[in-house]
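# Observations on the three-dimensional arrangement
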Amino acid sequence: MQVKEYKPLIVAFCCNWCSYAGADLAGNNRLNYPADVKIIRVPCSCRVNPMFVLRAFQRGADGVIICGCHPGDCHYTSGNYFTRRRMAALFSMLDYLGIEKERTRVEWVSAAEGAKFAATMNDFASTVAALGENKRLEDLRCKK
Amino acid sequence: MQKITREQLIEKAAALLAGGTVTAVLGWSKGEFDYDVTPAVFHTAEELNKDFVWNDFCGANFSKYLVAKAAKEEGKVLVFLKPCDTYSFNQLLTEHRFDREKVYAVGIPCEGMADIAKIKEICGEGISSIDCGEKIAVTTIYEDEPVMIDAKDVLAERCVNCKSKKHVAYDELMGEEGTVIDSARFDEVAKIEAMTPDERFAFWQNELSRCIRCNACRDACPACTCEKCVFDNPNSGVENKAPANSFEEKMFHIIRAFHVAGRCTDCGECSRVCPQNIPLHLLNRKFIKDMNEFYGEYQAGEEVGTRAPLVNYTTGDIEPGEVFDRRDTDA
Ligand code: SF4
Ligand code: SF4
Ligand code: FES
């Protein structure tokens, strides 16, 4: 029997104005990052509701990362400042419930930072891979 | 035992009704048992004399009832507020949830409320009557003599850790003004934080798996006043039904607590009404504690018009990842 190599599924919420463009640049520059990173484009990082994060885990994500413009550079001026507070609170709560804190992350990636995008994804994917499958926030009904 | 008496409250309410200051009174009335005192609306002195209750089981916080009642009533509504209730009152005013002009608030002192679960631990089930005097006299169907219990021994958790005896809002105050208390309310949270992730996970799994999704915690919460709730949405897959698995349990509790984060006054209603005795306050207080640590001390409802931490920001806020770095270096 052949054992399939475990590859974590990563959901990356990327804001339209910076991080999504950063991902694009990474692609244009032929920079490698894991194919198991699924990017979801959002208008602004602050569009990400805590429910999105939980739903991603429910539907099989092993790690969730939120990327937005650098603080001060948000297209909507202050969206990412709110993201920063909300996600600090949410991630701390997940940790409090015993869910591995390495499974969640916020990173600021500008449109010019293709290399940072690829590096971030590589680093995050290997951190999550080391943890293994997401068991603590899984929903067996959603598993294939 | 409460310092203020039922008679004093009835007298006050009857006088305000007679004088035309108010047309309705929000108060407590007897439920099926002596200990399940329920909120009620009174319109006349006769009704008050007949059904009004004030004793160690009047935990219900009326602030939220004002949202519906003040909008409907022609005249003003009289509401009795314990110190902790006044924080919810202010928070609702901050969120423009009712018209202050339509309400006449009377602040009343509170000596702490009794927790029926703790009483049952002492005298078991089968309680036929409870009399709140100097001591709480509990009669059960199994004994002729009532069991006498000291109210101090059966205080509700939120009253053991009472954060304030000070009324932060009222039109009129009965009794003396109290003070804000430096309580130990975050101690339990700190204990959980000090556990290993595995222990924390097991702890919460054990607590949250008891949830039957009756929604009482949401319904009683004065910070939860949306007319449409995600947990009533038929397309959400989690509308008004028992959690199907541990994911749904956690989702409900994370979202419920997150939604009131920064606005929760720590009034303790959610834990009080939970039929499964789930310590919901430990979730709310985690958020309160975190926000105090990250963004500076903040007490929701202390003043009208303040901005809650999650709808506010500074350019130098802590990064989500740094939260953990800091904690790791502390440890
Ligand atoms: S009151 Fe208790 S049992 Fe009911 S939904 Fe809330 S936590 Fe669950
Ligand atoms: S979450 Fe609980 S303690 Fe906080 S305001 Fe609502 S009912 Fe009160
Ligand atoms: S638009 Fe990029 S974070 Fe707001």
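For the structure itself, consult the block above.
The following refers to the structure shown.

Definitions and cut-offs
Residues numbered from 1 in each chain as written. Chains lettered and ligands numbered in written order. Predicted model: local features only at pLDDT ≥ 70, side-chain atom pairs only at ≥ 80, totals over all residues. Heavy atoms only, no water. Near = heavy atom within 4 Å. 1 Å grid on protein atoms, 1.4 Å probe; cavity = no way out; pocket = protein on both sides within 12 Å on 5 of 7 lines; lining within 4 Å. Sits in = over half its atoms within 2 Å of the grid points. Nonpolar A, V, L, I, M, F, W, Y, C, P; charged D, E, K, R; others polar. Axes fitted to C-alpha atoms, helices over the stretch in contact; angles between N-to-C directions. Helix = DSSP H or I, 4+ residues; strand = E, 2+ residues; numbered from the N terminus. Parallel < 35°, antiparallel > 145°, perpendicular 65-115°, else oblique. Left-handed = near helix turned anticlockwise from the far one by under 90°. Contact = heavy atoms within 4.5 Å. Salt bridge = Lys/Arg side-chain N within 4 Å of Asp/Glu carboxyl O. Polar contact = N/O pair within 3.5 Å; in protein donor to acceptor, adjacent residues only side chain to side chain. Buried < 20%, exposed > 50% of the residue type's maximum accessible area, 1.4 Å probe, protein only. Pairing = 2+ DSSP bridges.

### Some remarks on the site of ligand 2
Residues and elements named next belong to chain B. As a matter of local geometry, ligand 2 sits amid Cys-221, Pro-222, Arg-256, Val-260, Cys-264, Thr-265, Asp-266, Cys-267, Gly-268, Glu-269, Cys-270 and Asn-284. Judged by the proximity of its atoms to the pocket grid, ligand 2 belongs to the second largest cavity. A per-class count over the shell around ligand 2 returns 6 nonpolar, 3 polar and 3 charged.

### Focus on the packing of helix H3 (residues 79-96) of chain A against helix H12 (residues 281-295) of chain B
Two numbers describe how H3(A) lies on H12(B): the axes approach to 10 Å, and their chain directions differ by 130 degrees. Considering their axes alone, H3(A) and H12(B) lie oblique with respect to each other. Both H3(A) and H12(B) take part in a crossing whose hand is right-handed. Together, A:Arg84, A:Arg85, A:Ala88, A:Ala89, A:Leu90, A:Ser92, A:Met93 and A:Tyr96 of H3(A) and B:Leu282, B:Leu283, B:Lys286, B:Phe287, B:Asp290, B:Phe294 and B:Tyr295 of H12(B) make up the contact between the two elements. The residue inventory of the contact of H3(A) with H12(B), partitioned by class, reads 10 nonpolar, 1 polar and 4 charged.

### Considering the interface of chain B and chain A
With 43 residues of chain B in contact, the opposing surface of chain A contributes 34 residues. In this assembly, chain B and chain A are joined by 5 salt bridges. Between A:Arg136 and B:Asp198 there is a salt bridge whose closest N-O contact spans 2.6 Å. Where chain B touches chain A, the interface holds 17 residue pairs in polar contact (both at pLDDT 80 or more). Breaking the side of chain B that touches chain A down by element, the ones donating at least two residues are helix H7 (187-193), helix H8 (197-208), helix H10 (246-259), H12 and helix H13 (320-330) of chain B. For the side of chain B that touches chain A, a count of residues per class yields 25 nonpolar, 6 polar and 12 charged.

### A few points about the side chain of B:Arg218
Residue and element names in this part refer to chain B. Residue position: Arg-218 is located in helix H9 (residues 216-220). Residue classification places Arg-218 among the buried residues on the basis of a relative accessible area of 12%. Separated by 3.0 Å, the side chains of Arg-218 and Asp-219 make a polar contact. If sequence neighbours within four positions are ignored, Arg-218 has contacts with Lys-64, Cys-224, Cys-229, Phe-231 and Asp-232.

### Thoughts on the sheet that holds strand E3 (residues 63-68) of chain A
Either a parallel or an antiparallel arrangement is found when strands of a sheet pair, and the pairing is made through backbone hydrogen bonds. Residues and elements named next belong to chain A. Taken in spatial order, the 4 strands of this open sheet run E2-E1-E3-E4, and their pairing is parallel. Both edges of this open sheet fall to strand E2 (37-42) and strand E4 (104-108), since each of them pairs with a single strand only. Going from strand to strand, the sheet's axes swing by 20 degrees on average, the running direction of each strand aside. Pairing geometry for strand E1 (residues 10-15) and E2, over 6 bridges, is parallel. Residue pairing in the sheet places Cys-15 in a bridge with Val-42 of E2. Relative to the sheet, helix H1 (residues 19-28) contacts E1, E2 and E3, its axis offset from that of E1 by approximately 115 degrees. Helix H2 (residues 50-58) rests against E1, E3 and E4 of the sheet, and its axis sits at about 145 degrees to E3.

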